[in-house]
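Reading the structure
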Amino acid sequence: MAVIHPTTMSPGKLELIASWLPSKPWYRGGDAPLLAKAGGFRLDDPDGEVGIEFMVVTDTSGASPVTYQVPMTYRGMPLASAADGLIGTSEHGVLGRRWIYDGTHDVVLVEQLLALLAGRTTAQDQNASDAPDPTVEVRTGAAGMAQDLTGPGTVTDTADASLVTVGPVMDEGPVSTLTVCRVLRPGRAPEGDGSAGRVLAGWSAPDGARQHGPFAHLAASDR
């Protein structure tokens, strides 16, 4: 169970994200993002070592507001395999220095997102300890496809999403693509599109209206 500490981080999460966002191909705002937290949820690391958060932020620096999903992991030590995904470091008021990664590069977040898609874990409230988030919707597709997969393999950023290759634990069989939506849009995901699992969740629009839409989906691909 993840424990949410009521404390400070320096620099704060929004400050770190604002410095990192303009480097991503899916960013479509101005030179200096103007960010506000808009929602999100957490997942638990079974080993209790890594913080996992799916943060939603809205940027108002461009011609119109854009809402992004930033999945992040918080670690007490650097993770060499995720070096390309380092967002920055921050001093946590309780836990000390934390290395903060774009979670699409971190094996713990990817495996727990797959566990969520397979129904083996439950989304948690972003701001409270040991509190499931019932607003996060998980749809399962092809039976068992999200079982026994691991990753990340390669991570490819597009104009709207991050595509993460995942494959069988024993490295036998076809790989799949885990799509993590970066630019969030409200609405229902299409039915019958071959998805083997999908996560939908909510966030707040700048005017306070509640929005809900796709966050991630899993689909088969050729090796």
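Residues numbered from 1 in each chain as written. Predicted model: local features only at pLDDT ≥ 70, side-chain atom pairs only at ≥ 80, totals over all residues. Heavy atoms only, no water.

**Quick notes on the overall build of the protein chain**
Stated formally: Starting at the N terminus, helices and strands are each numbered in turn, a helix being any DSSP run of H or I of at least four residues and a strand any DSSP run of E of at least two. Here's how the labels work: a residue is buried when its accessible area is under 20% of the maximum for its type, exposed when over 50%, partly exposed in between, all with a 1.4 Å probe on protein chains only. In this analysis, two residues are considered to be in contact whenever any of their non-hydrogen atoms come within 4.5 Å of each other. The method behind every accessible area is Shrake-Rupley, applied with a 1.4 Å probe, and residues are considered shielded solely by the protein chains displayed.
A count of helical and extended segments in the protein chain gives 2 helices and 13 strands. When each of the 223 residues of the protein chain is scored for burial, the buried share is 47%. For the protein chain, long-range pairs separated by at least 24 residues make up 59% of all intrachain contacts whose partners lie at least 6 apart in sequence. Here the protein chain has roughly 10300 Å² of accessible surface; of this, 52% comes from carbon and sulfur atoms.

**Here we look at the packing of aromatic side chains**
Stated precisely, the cut-off is as follows: Here is the rule: rings of Phe, Tyr and Trp (six-membered ring for Trp) pair when centre to centre is within 6.5 Å. Planes less than 30 degrees apart are stacked, more than 60 are edge-to-face, and the remainder are tilted.
One pass over the full model with this rule turns up 6 aromatic pairs. Taken together, a centroid distance of 4.7 Å and an interplanar angle of 10° make the contact between Phe-41 and Phe-54 stacked. Linking Phe-41 in strand β2 (residues 35–43) with Phe-54 in strand β3 (residues 51–59), this pair joins segments that are 13 residues apart in sequence. For the pair formed by Phe-41 and Phe-54, the shared burial category is buried. An aromatic cluster of three or more residues is present, and its members are Trp-20, Trp-26, Tyr-27 and Tyr-68.

**Quick word on the pairing of strand β5 (residues 86–92)**
Quick reminder of the rule: Strands are treated as partners if at least two bridges between them are detected by DSSP.
By the bridge criterion, 2 bridges tie strand β1 (residues 9–10) to β5 in an arrangement that is antiparallel. Within β5, the position partnered with Ser-10 by the bridge is Glu-91. Sheet topology places β5 next to strand β6 (residues 96–102); 6 bridges connect them, and they run antiparallel. From the neighbouring strand, Gly-88 faces β6, where its bridge partner is Ile-100.

**Focus on the side chain of Glu-53**
To be explicit about the condition: Within 3.5 Å is the distance limit for a polar contact, defined as a pair of N or O atoms, with the added protein rule that one can donate a hydrogen and the other accept it, and that residues adjacent in sequence qualify only through two side-chain atoms.
Looking at where Glu-53 falls in the secondary structure, it is placed in strand β3. Given the relative accessible area of 1%, Glu-53 is considered buried. Side-chain polar atoms of Glu-53 contact the side chain of Tyr-74, separated by 2.6 Å. Excluding residues that lie within four positions of it along the chain, Glu-53 makes contacts with Lys-13, Phe-41, Arg-42, Val-70, Pro-71, Met-72, Tyr-74 and Gln-126.

**As for the nonpolar core**
In plain terms, the rule: Each nonpolar core is a collection of buried residues, namely Ala, Val, Leu, Ile, Met, Phe, Trp, Tyr and Cys, held together in the definition by side-chain atoms within 4.5 Å.
Counting residues in hydrophobic clusters, the biggest one holds 30 residues, and the most contacted among them are Phe-41, Leu-113, Val-166, Leu-178, Val-199, Phe-215 and Leu-218. Take this core: its biggest share by element is 7 residues, from helix α2 (residues 107–117). The residues touching Val-199, leaving out its near neighbours within four places in the chain, are Phe-41, Leu-113, Leu-116, Leu-117, Val-136, Glu-137, Gly-213, Pro-214, Phe-215 and Ala-216. In terms of nonpolar packing, the next biggest core, distinct from the first, is built from 18 residues, Trp-20, Leu-35, Tyr-68 and Tyr-74 among them.

**Description of the pattern of salt bridges**
Our working rule: We count a salt bridge whenever a side-chain nitrogen from Lys or Arg sits within 4 Å of a carboxyl oxygen from Asp or Glu.
Scanning all chains against the criterion turns up 9 salt bridges. Across the pair Asp-157 and Lys-24 runs a salt bridge, and its minimum N-O distance is 3.4 Å. Separated by 133 residues along the polypeptide, Asp-157 in strand β9 (residues 155–157) and Lys-24 in the loop between α1 (13–20) and β2 bring together distant segments of the chain. We note a salt bridge from Asp-160 to Arg-28, for which the minimum N-O separation is 3.1 Å. Taken as a pair, Asp-160 in the loop between β9 and β10 (161–168) and Arg-28 in the loop between α1 and β2 lie far apart in primary sequence, 132 residues in all. The class for Asp-160 is partly exposed, based on a relative accessible area of 30%. Linked through salt bridges whose partners overlap, the residues forming this network are Lys-13, Arg-42 and Glu-53.

**Some thoughts on the environment of Ile-100**
Tracing the chain through its elements places Ile-100 in strand β6. Note: C-alpha distance between Ile-100 and Thr-89 (11 residues apart in sequence) is 5.8 Å. Sequence-distant contacts of Ile-100, defined by excluding residues within four places in its chain, comprise Met-9, Leu-16, Met-72, Thr-73, Tyr-74, Gly-85, Leu-86, Ile-87, Gly-88 and Ser-90.

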